[in-house]
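Results of the structural survey
Residues per chain, in single letters:
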Amino acid sequence: MKLKSSFYFYLSAIPLFIFLFTIIFITFYLIINGYPVLSFRFLFSNPEEQMTKGGIFPVIFGSFYLTILAFIFSIIPSILSGIYFAYYAKNNILTFILRTLIKTLSGLPSIVFGLFGLAFFVRTLNIGLSFLASSLTLSILSIPYLITATEEGLLSVPHTFYEAAIALGVPKWTAIRKIILPEAKPLLLSGIFLAFARLIGEVAPILFTGVAFYLKTISLSPFDRFMALPYHIYILATQHEKILKVRTIAFASSLVLLFFALLFGVIAYILRMKIKKYY
Amino acid sequence: MKIKIKFENFSLWFGNNQILKNINLEIPEKNVTAIMGPSGCGKTTLLRAINRMNDLIPDTKVCGKVFIDNENIYDANVNLLTLRKKVGMVFQKPNPFPKSIYENIAFGLKVHKFKNIKERVTKALIDANLYDEVKDNLYRSALNLSGGQQQRLCIARAIAIEPEIILLDEPASALDPIATAKLEELIHKLKKEYTIVIVTHNMQQAARVSDYCAFMYLGELVEFGKTEDIFVRPKDKRTEDFLLGKYG
Ligand SMILES: Nc1ncnc2c1ncn2[C@@H]1O[C@H](COP(=O)(O)OP(=O)(O)OP(=O)(O)O)[C@@H](O)[C@H]1O
Ligand SMILES: [Mg+2]
C-alpha cells in the first residue's frame, strides 16, 4: 500500500521535475552565455557600433515605458468592467454575449492584435508608428485578461461583507469601493503584475505598430518610435548582419527580459500569498 | 399599542419556489417579536423582507405589501437607503468588516453623515455591552474578536446609525451559554428603544426574550400571539408539535 502510493507520488512528480529542470537549464544557459557582457554599464548605456558593442539602455527603457503606458490605458476600463461583471451585470443574454466575447478575445493569438493595432491605431486613427499605438495595442490585448482578474479578485471577497454594508443603507457603489475593493486589492495587483510579466515579453502586438530596429537616442514623446527587449532579442538573433558577433548581447538581453518577467511573476505570487482567510 | 411593521397578504418567490405564502402579521413597536419554525420554513426570508435584502437575490418576486409606520416599503418610490438605515440587521453568522473595531462602527456613521463620530462609536459600543472588553483595542482588527464579541460588534454597528427596528437572525446560534446570556440581556435592554424582530431556533430563548411570538411552517404563518399564550395554549396542532420538539 505504502509502496504503491509513493509510486504514484513519484509518477506525478516527474513532469514537475522536468519542468523545473527546464527552467533552471534555460536560466543557467543564458547566464553562462550572456555573462561576459553583462554589467552595470551594459544596462545603462546606449548601443554602439551597429549594436555590436555598448549596452541596451534604450531597449530596457522602451519596454518599461511601453508597459507602463499600456497599464495606464488598460487599468481603469478593466477595473470598471470587472466591477460591472461582478456586481452589476444581470444574468441575461447581453451579459452572456459580453462574457463570450471577452473569453474569445483573451484566446486570440497576439499577432491578430498586432494587425488590428496597425489597421486601427496606426492607420485609421492616424497615430503613426509610436509608443502610443503600440501601448494601446498592448492594452487591448491585456484588457480581457485584466477584466477576468478583477472579477475573480472581487468575487474572492466574501459576499457577507457586501451584504453587511448594504444592510446598513450604504449605497452599492460605496460598499464596493470602500469594503470590497480594498480587500480585493492584493489579488487585483497580483493579476496586474502577471499581466506585466506577459506584456513585457510580447513581440507581435508591437511589431507593426512602432517598435524600431535601431534608434540612436531615446525619446520620451509617446509619438516616437522605440526599441523593446523581445524585439531586440529577435533581431539580434536572426536579423543582424553580424549574428555571431552579437550573440552574447542577445543572450544577455534575454537574461534581462527573463529577469523582469520573473520579477513580475514573483511579485504577483507574493501578493497572492497576502490574501486573507476570513473565517 | 402601536403597530410598527405590518405584513399584508405578502408572498415571495425565489424563481418558481414560493417561499412565503400570504403572510399577514402585525409587529408591535418597542417589543421583542420572535419568529420560530423548523429549518427552511422561511424565517430568514421573512426577516429579510422587512429591509428588502431579498432584493439582492436574483429572480425574487413579491406580491402584497409590508408597511413600516404605515408606509408600504414595496412601493416603487421607496428609498432603499433610507429604509435600510431605519431597519438595522444582524446576520446569522457574525460578519464584521475586515477592518478595525472602530472603523466597523464609524463606516456607517460616515456614510450617513453623522457628526461626532468618535463619541457615537463609544456610545454604540457601550449600548452593545462591548465597550469594556474592547476599549483598549479599538484600532485592532475586528476579525480577532471572539464570536460573541463579533456578534455584539455587529449589533453596535447596527444601532450606531440610529435605526428604529433591529432584525436579529439567530444571533445566538454560534454562541456559548454565557455569551448567549449576555446577548439576551442586551436584547432586553434594547427593546426600550427599538422594535426588535428576532429569528430563533431555540424555544427556550424565544420564551425568555420575546413578548410576541410567530410560528412559521413551510412558508406559512401558522400562529401569532403573545409569547405566554403561544407557549401555554398553542391553537394550532403544528405549533404544539413544534413546541414538543416533534420537528427535531
Ligand atoms: N438565495 C436563495 N436562493 C434560492 N432559494 C433560497 C435562497 N435562500 C433561501 N432559499 C430557500 O428559501 C427557503 C427558506 O429559506 P430561509 O433561509 O428563509 O429558511 P429559514 O427558516 O431561515 O431556515 P434556517 O432555520 O435553516 O435558517 C428554503 O427552502 C431555501 O432553500
Ligand atoms: Mg435562517
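A brief look at the structure comes next. All of these numbers come straight from a predicted model, not from anything done at the bench.

Our focus in this paragraph is the interface of chain A and chain B. With 19 residues of chain A at the contact, the number on the chain B side is 24 residues. Of the roughly 1,800 Å² buried between chain A and chain B on both sides combined, carbon and sulfur atoms contribute 73%. When the buried surface of chain A facing chain B is broken down by residue, Glu163, Ala167 and Leu168 of chain A rank first, second and third, together holding 32% of it. In this structure, the connection of chain A to chain B is made through one salt bridge. Between Arg48 of chain B and Glu163 of chain A there is a salt bridge, with the nearest N and O atoms lying 2.9 Å from each other. Counting every contact that joins chain A to chain B gives four residue pairs in polar contact (both at pLDDT 80 or more). Taken together, the elements giving at least two residues each to the side of chain A that touches chain B come down to helix H7 (159-167) and helix H8 (172-199) of chain A. Here the side of chain A that touches chain B gets eight residues from one element, more than from any other, and that element is H7 of chain A. Here the side of chain A that touches chain B is built from residues that sort into 12 nonpolar, three polar and four charged.

A few words on the layout of surface pockets. When its volume is computed, the largest pocket comes out at roughly 770 Å³. In terms of lining, the largest pocket is formed by 26 residues, of which the most central are Tyr87, Ala89 and Lys172 of chain A together with Leu56 and Pro58 of chain B. Contributions of two or more residues to the lining of the largest pocket are made by helix H3 (57-88), helix H4 (93-107), helix H6 (131-155) and H7 of chain A together with helix H2 (80-86) of chain B. If one sorts the elements of the lining of the largest pocket by residue count, H3 of chain A sits on top with four residues. Residues that form the lining of the largest pocket fall into these classes: 16 nonpolar, three polar and seven charged. Each pocket or cavity is described by its volume, and for the second largest pocket that value is around 190 Å³. Along the walls of the second largest pocket sit Leu38, Leu43, Phe44, Phe57, Ile60, Phe61, Leu255, Val256, Phe259 and Phe260 of chain A, which together make up its complete lining. When residues of the lining of the second largest pocket are traced back to their parent elements, those giving at least two are helix H2 (40-44), H3 and helix H11 (243-273) of chain A. Counting residues per element, the lining of the second largest pocket draws most heavily on H11 of chain A, at four residues. Looking at the lining of the second largest pocket residue by residue, the class counts come to 10 nonpolar, no polar and no charged.

Turning to the packing of aromatic side chains, a few remarks are in order. Residues and elements named next belong to chain A. Tallied over the entire structure, the rule returns 31 aromatic pairs over all chains. Ring geometry for Phe71 against Phe196: centres 5.5 Å apart, planes inclined by 80°, an arrangement best described as edge-to-face. Residue Phe71 is found in helix H3, and its partner Phe196 is found in helix H8; the two are separated by 125 residues along the sequence. The class of Phe71 is partly exposed, set by a relative accessible area of 26%. Here the aromatic rings of Phe120 and Phe121 are separated by 5.1 Å at their centres, their planes lie at 70°, and the arrangement is edge-to-face. Classification of Phe121 by relative accessible area gives buried; the value is 6%.

This part takes up the site of ligand 1. Residues and elements named next belong to chain B. Around ligand 1 there are 13 residues in total, and Ser39, Gly40, Lys43, Thr44 and Thr45 lie nearest to it. The contact in question runs from an oxygen atom of ligand 1 to an N or O atom on the backbone of Gly40, over 2.8 Å. The side chain of Lys43 places a nitrogen or oxygen atom 2.7 Å from an oxygen atom of ligand 1. Burial of ligand 1 by the protein chains amounts to 61% of its free accessible area of 630 Å².

A few words now on the sheet that holds strand S1 (residues 3-14) of chain B. Residues and elements named next belong to chain B. If you walk across this open sheet you meet the four strands as S2-S1-S4-S5, and the pairing is antiparallel. The strands lining the two open edges of the sheet, one partner per strand, are strand S2 (17-28) and strand S5 (71-72). Looking at chain direction, strand S4 (residues 60-68) and S5 are connected through two bridges and run antiparallel. Looking across to S5, one finds that Phe67 is bridged to Asn72. Contacts between helix H1 (residues 43-50) and the sheet are confined to S1, S2 and S4, with S1 contributing the most and set at about 120° to the helix.

Here we come to a nonpolar patch on the surface. Residues and elements named next belong to chain A. Nonpolar side chains collect at one region of the surface, where Ile76, Leu80, Tyr84, Tyr88, Ile93, Leu94, Phe96, Ile97, Leu98, Leu101 and Trp173 lie side by side and expose about 1,100 Å² of accessible area between them. When contributions to the nonpolar patch are tallied by element, the ones reaching two or more residues are H3 and H4. Sort the elements by how many residues they give to the nonpolar patch and H4 lands first, with six residues. In this fold, Trp173 is placed in helix H8.

This part is about the pattern of salt bridges. Summed over all chains, the structure comprises 22 salt bridges over all chains. Note that Arg99 of chain A is salt-bridged to Glu151 of chain A, the shortest N-O span being 3.1 Å. Residue Arg99 of chain A is located in helix H4, and its partner Glu151 of chain A is located in helix H6; the two are separated by 52 residues in the primary sequence. When the shortest N-O distance is used, the salt bridge between Lys191 of chain B and Asp211 of chain B registers 3.0 Å. Of this pair, Lys191 of chain B sits in the loop between helix H7 (177-190) and strand S8 (195-199) while Asp211 of chain B is found in the loop between helix H8 (203-209) and strand S9 (212-217), placing the two residues 20 residues apart along the sequence. Across the pair, Asp211 of chain B and Lys191 of chain B agree in class, each one buried.

All names here are of chain B. Strand order in the open sheet formed by six strands is S6-S7-S8-S3-S9-S10, and the pairing between neighbours is mixed. Because the sheet does not close on itself, it has two edges, and the strands there are strand S6 (87-90) and strand S10 (220-226). Adjacent strand axes in the sheet meet at a mean angle of 15°, parallel and antiparallel pairs treated alike. Pairing between strand S3 (residues 32-36) and S9: four bridges, direction parallel. In the sheet register, Met36 faces S9, and the bridge partner there is Phe215. Sitting on the sheet, H7 touches S3, strand S7 (165-169) and S8, and the angle it makes with S8 is about 150°.

Each value, and the rule that gives it
- Residues numbered from 1 in each chain as written.
- Chains lettered and ligands numbered in written order.
- Predicted model: local features only at pLDDT ≥ 70, side-chain atom pairs only at ≥ 80, totals over all residues.
- Heavy atoms only, no water.
- Contact = heavy atoms within 4.5 Å.
- Buried area = accessible area lost by both parts, 1.4 Å probe.
- Salt bridge = Lys/Arg side-chain N within 4 Å of Asp/Glu carboxyl O.
- Polar contact = N/O pair within 3.5 Å; in protein donor to acceptor, adjacent residues only side chain to side chain.
- Helix = DSSP H or I, 4+ residues; strand = E, 2+ residues; numbered from the N terminus.
- Nonpolar A, V, L, I, M, F, W, Y, C, P; charged D, E, K, R; others polar.
- 1 Å grid on protein atoms, 1.4 Å probe; cavity = no way out; pocket = protein on both sides within 12 Å on 5 of 7 lines; lining within 4 Å.
- Points joined across faces, edges and corners; volume = space filled by probe spheres on them.
- Phe/Tyr/Trp six-rings, centres within 6.5 Å; stacked < 30°, edge-to-face > 60°.
- Buried < 20%, exposed > 50% of the residue type's maximum accessible area, 1.4 Å probe, protein only.
- Near = heavy atom within 4 Å.
- Areas by Shrake-Rupley, 256 points an atom, 1.4 Å probe, with all protein chains shown as cover.
- Pairing = 2+ DSSP bridges.
- Axes fitted to C-alpha atoms, helices over the stretch in contact; angles between N-to-C directions.
- Patch = residues over 30% accessible without salt bridge, like charges linked within 9 Å, V, L, I, M, F, W, Y side chains within 5 Å.

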